[in-house]
Amino acid sequence: MWDEKFETMSTDQMQAFQLAKLKETAAWVYERVPFYKKKFDELGVEPGDIKALQDLGKLPFTVKTDLRDNYPFGLCAVPMSQLVRIHASSGTTGKPITGPYTAEDLDQWTECMARNLTAAGVTPTDIVQNAYGMGLFTGGLGFHQGASRIGCAIVPTGSGMTERQITLMQDFATTVLFSTPSYALTIAEKASEIGVDIRKLPMRVGVFGAEPWTEEMRREIEDRMGIKAMEAYGLTELMGPGVSFSCPAQDGYLHINEDHVLAEIIDPVTEEVLPLGAKGELVFTAIQRRAMPVIRYRTRDITELKREKCSCGRTLLKMKKVFGRSDDMLIISGVNVFPSQVESILLEVAEVEPQYVLIIRKKGYLDALSVDVEAKPEVYDLGEEKLHEVEKKIEGRIRGVIGIGVKVRCVPPKSIERSEGKAKRVFDARKL
Ligand code: DLL
């Protein structure tokens, strides 16, 4: 473990620590950020009203549009002179979101990443190839800092130039890969295309994140690359990667760095706080940051929380692997569907590749979903009849497991665009 004191702290001690930090942070933003003062005042709540952790529920939520409306530094709680780094997430529409850090914020983020990487099994003797996007995206530098603190030899390739990634893996005898899961697949596929057996390289661990991926996808990557696939979760608004991380238990849960962020699960419609174990929207409060701590930030990520002493020895609160984002949730014939549910099914079908896109179309007054998935080359070569049989098989499984009718199309090998960062797998043709 990187920081045994916090990673194995008793719940009582942790909660006492969290309460002290929450009080400090509430006062910090109330006194320094007019946006929060106004929001607190509107609800008639003051930082002094926080007497127990449960009082967190009295504080206002913050949503993505609040960050956009206050772009770039409206929610900053320190003068610009105290900032040492500013990241930003590109955002698909409109203005980006800024992630400013003080020197202390940056140091804490680095510590969170060092915990994450240590739990993944990364050590000072590793040669790590960092294929996350380098730059404004928090992935590249976040992983870089964590690995630096551990003392690894870092190869900062950034994402892209996939053939060169493979050459460097061979030449430098890389032992650890950092990338999105979808880019890991792209690398594995390219390796086999150019005749490199990636399973035989010295690489033994990958630390993947930044996009939803299922347990089935995790096993697929482990299998194709001959490595252990570990996970990082996080978002620009909180710090970047390092908010939560997988551990050797590999039980489909991630430990939350809860001495830095308080997690809640809410019903996304009623905003009611749900008990441990209930599935809903993840809400985070940053309790140690100083440049731009967010209060009750609605992530739109859907998961559930669990508190238990893990077999890895950590006591840190656990969150289940993210099911998906509420924005990506599809409502097909009245049934809520996450792309990850379709992914789980596709990955169990031997005739297709883990390369797919979901397309939502309008069918009369209703929405219809179609799934394009690449057939394996040897299956594609068998011709239309075989492809039709595979399509029907997948449609049947989706109907059986998710309960919706979809149209599945087996498309030619390599016809779906490969990802070098966050994969785009859902296309909304209703808006065309
Ligand atoms: O993606 C930070 C990050 C970089 C995390 C590298 C892990 C590794 P953003 O670009 O702000 O930050 O996107 C944040 O990505 O709200 C989730 O919807 C999604 N996401 C991040 N990690 C995971 C994960 C980075 N492990 C948004 N599983 C989040 C599922 C994830 N979704």
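Residues numbered from 1 in each chain as written. Predicted model: local features only at pLDDT ≥ 70, side-chain atom pairs only at ≥ 80, totals over all residues. Heavy atoms only, no water.

## Quick notes on the overall build of the chain
Line of reasoning, step 1. When its secondary structure is counted, the chain shows 12 helices and 21 strands.
Line of reasoning, step 2. For 432 residues, the compact-globule estimate of 2.2 N^0.38 gives 22 Å, and the chain sits close to it at 22 Å.
Line of reasoning, step 3. Expressed along its principal axes, the backbone C-alpha trace of the chain runs to roughly 70 × 55 × 40 Å.
Line of reasoning, step 4. Residues classed as buried in the chain amount to 55% of the 432 residues present.
Line of reasoning, step 5. Partitioning the intrachain contacts of the chain with sequence separation of at least 6 by distance along the chain shows that 66% fall at a separation of at least 24.
Line of reasoning, step 6. When the accessible surface of the chain is summed, it comes to about 18300 Å², and 53% of that surface belongs to carbon and sulfur atoms.
Line of reasoning, step 7. One way to put it: in the chain the 56 positive side-chain charges average out to a point 1 Å from where the 61 negative ones average out. (Helix = DSSP H or I, 4+ residues; strand = E, 2+ residues; numbered from the N terminus. Rg over C-alpha atoms; globule rule 2.2 N^0.38 Å. Buried < 20%, exposed > 50% of the residue type's maximum accessible area, 1.4 Å probe, protein only. Contact = heavy atoms within 4.5 Å. Areas by Shrake-Rupley, 256 points an atom, 1.4 Å probe, with all protein chains shown as cover. Lys, Arg positive; Asp, Glu negative; His and termini not counted. Charge placed at Lys NZ, Arg CZ, Asp CG, Glu CD.)

## Thoughts on the nonpolar core
Line of reasoning, step 1. Counting 61 residues, the largest nonpolar core has Leu117, Phe178, Val207, Tyr233, Leu238, Phe284 and Met319 as its most contacted members.
Line of reasoning, step 2. In terms of residues, this core owes the most to one element, helix H5 (residues 103-119), which gives six residues.
Line of reasoning, step 3. Non-local contacts of Tyr233, meaning those with residues more than four positions away in its chain, are made with Gly240, Pro241, Gly242, Val243, Ser244, Leu254, Leu282, Phe284, Thr299, Asp301, Met319 and Val322.
Line of reasoning, step 4. If you look at the next biggest cluster of nonpolar residues, it comprises 26 residues, including Ile345, Leu387, Val390 and Val406. (Core = buried A, V, L, I, M, F, W, Y, C linked by side-chain atoms within 4.5 Å.)

## Looking at the environment of Val335
Line of reasoning, step 1. Examined against the element boundaries, Val335 turns out to sit in strand E17 (residues 335-337).
Line of reasoning, step 2. Distance in space between the C-alpha atoms of Val335 and Met14 is 39 Å, their sequence separation being 321 residues.
Line of reasoning, step 3. In contact with Val335, not counting residues within four places along its chain, are Leu330, Ile402, Gly403 and Ile404.

## Describing the site of the ligand
Line of reasoning, step 1. Close contacts around the ligand come from 21 residues, with Glu231, Ala232, Thr236, Asp301 and Lys422 the closest.
Line of reasoning, step 2. Between the ligand and Pro212, the relevant distance is 3.5 Å, taken from a nitrogen atom to a main-chain nitrogen or oxygen of the residue.
Line of reasoning, step 3. Residue Arg325 places a side-chain N or O atom 3.0 Å away from an oxygen atom belonging to the ligand.
Line of reasoning, step 4. Notes on the ligand: free accessible area 600 Å², of which the protein chains cover 94%. (Near = heavy atom within 4 Å. Polar contact = N/O pair within 3.5 Å; in protein donor to acceptor, adjacent residues only side chain to side chain.)

## Structural notes on the packing of helix H2 (residues 11-32) against helix H3 (residues 34-42)
Line of reasoning, step 1. The geometry of H2 relative to H3 is characterised by a closest axis approach of 5 Å and an angle of 105 degrees between their N-to-C directions. As the angle between them shows, H2 and H3 are arranged roughly perpendicular. Here Ala26, Val29, Tyr30 and Arg32 of H2 come into contact with H3, specifically with Pro34, Tyr36, Lys37, Phe40 and Asp41.
Line of reasoning, step 2. A breakdown of the residues in the contact of H2 with H3 according to their chemical character gives six nonpolar, no polar and three charged. (Axes fitted to C-alpha atoms, helices over the stretch in contact; angles between N-to-C directions. Parallel < 35°, antiparallel > 145°, perpendicular 65-115°, else oblique. Nonpolar A, V, L, I, M, F, W, Y, C, P; charged D, E, K, R; others polar.)

## Observations concerning the pairing of strand E3 (residues 127-130)
Side chains on a regular strand alternate between the two faces of the sheet.
Line of reasoning, step 1. Bridge count between E3 and strand E4 (residues 153-155): three bridges; the pairing is parallel. What sits directly across from Val128, in E4, is Ile154.
Line of reasoning, step 2. For the crossover from E3 across helix H6 (residues 138-150) to E4, the handedness is right-handed.
Line of reasoning, step 3. In the sheet, E3 pairs with strand E5 (residues 176-179) via three bridges, with the strands oriented parallel. (Pairing = 2+ DSSP bridges. Right-handed = clockwise from strand over helix to strand, strands pointing away.)

## Considerations on the domain arrangement of the chain
As a measure of interface size, the accessible area lost when the parts come together is often cited.
Line of reasoning, step 1. When the domains of the chain are assigned, the result is domain 1 (1-327) and domain 2 (330-431).
Line of reasoning, step 2. Domain 1 and domain 2 are separated by 29 Å when their C-alpha centres are compared.
Line of reasoning, step 3. Each side of the interface is counted separately: domain 1 has 25 residues, and domain 2 has 17 residues.
Line of reasoning, step 4. Across the contact surface, domain 1 and domain 2 share three salt bridges. (Domains from an automatic or database assignment. Salt bridge = Lys/Arg side-chain N within 4 Å of Asp/Glu carboxyl O.)

## A few points about the side chain of Glu374
Line of reasoning, step 1. Tracing the chain through its elements places Glu374 in strand E19 (residues 366-375).
Line of reasoning, step 2. A polar contact is formed between the side chain of Glu374 and the backbone nitrogen of Lys414, at a distance of 3.0 Å.
Line of reasoning, step 3. Look past the residues within four positions of Glu374 in its chain and what remains in contact with it is Val352, Glu353, Gln355, Val411, Pro412, Pro413, Lys414, Ser415, Ile416 and Arg418.

## Focus on the sheet that holds strand E13 (residues 305-306)
Line of reasoning, step 1. Strand order in the open sheet made by the nine strands is E4-E3-E5-E6-E7-E8-E9-E14-E13, with mixed pairing throughout. Each end of this open sheet is capped by a strand with a single partner; those strands are E4 and E13.

## Points about the packing of H5 against H6
Line of reasoning, step 1. Remark: H5 packs on H6, axes separated minimally by 8 Å, with the N-to-C direction vectors making an angle of 75 degrees. The pairing of H5 with H6 is recorded here as roughly perpendicular in orientation. The segment H5 lies against H6, with Leu106, Asp107, Trp109, Thr110, Glu111, Met113, Ala114, Leu117 and Thr118 engaging Thr138, Leu141, Gly142, Phe143, Gln145, Gly146, Ala147, Arg149 and Ile150.

## Focus: helix H8 (residues 181-193)
Line of reasoning, step 1. An ideal rise of 1.5 Å per residue puts 18 Å on 13 residues; H8 measures up with 19 Å between its terminal C-alpha atoms.
Line of reasoning, step 2. Most of H8 is tucked away: 10 of the 13 residues are buried.
Line of reasoning, step 3. Taken together, the buried positions of H8 are occupied by Pro181, Ser182, Tyr183, Ala184, Leu185, Thr186, Ile187, Ala188, Glu189 and Ala191.
Line of reasoning, step 4. On its buried face, H8 sits against helix H7 (162-172), E5, strand E6 (205-209), helix H9 (215-225) and strand E18 (352-363). (Expected span 1.5 Å × (residues − 1).)

## A word on the layout of surface pockets
Over the atoms rolls a probe the size of a water molecule, and in doing so it shows where empty space is left.
Line of reasoning, step 1. Its boundaries defined by the atoms lining it, the second largest pocket holds a volume of some 480 Å³.
Line of reasoning, step 2. For the second largest pocket, the lining is made up of 20 residues, of which Gln15, Leu53, Leu56, Ala263 and Glu264 are closest to its centre.
Line of reasoning, step 3. Elements represented by at least two residues in the lining of the second largest pocket include exactly H2 and strand E10 (261-266).
Line of reasoning, step 4. At four residues, the largest contribution of residues to the lining of the second largest pocket is made by E10.
Line of reasoning, step 5. Taken together, the residues of the lining of the second largest pocket sort by class into 12 nonpolar, five polar and three charged. (1 Å grid on protein atoms, 1.4 Å probe; cavity = no way out; pocket = protein on both sides within 12 Å on 5 of 7 lines; lining within 4 Å. Points joined across faces, edges and corners; volume = space filled by probe spheres on them.)

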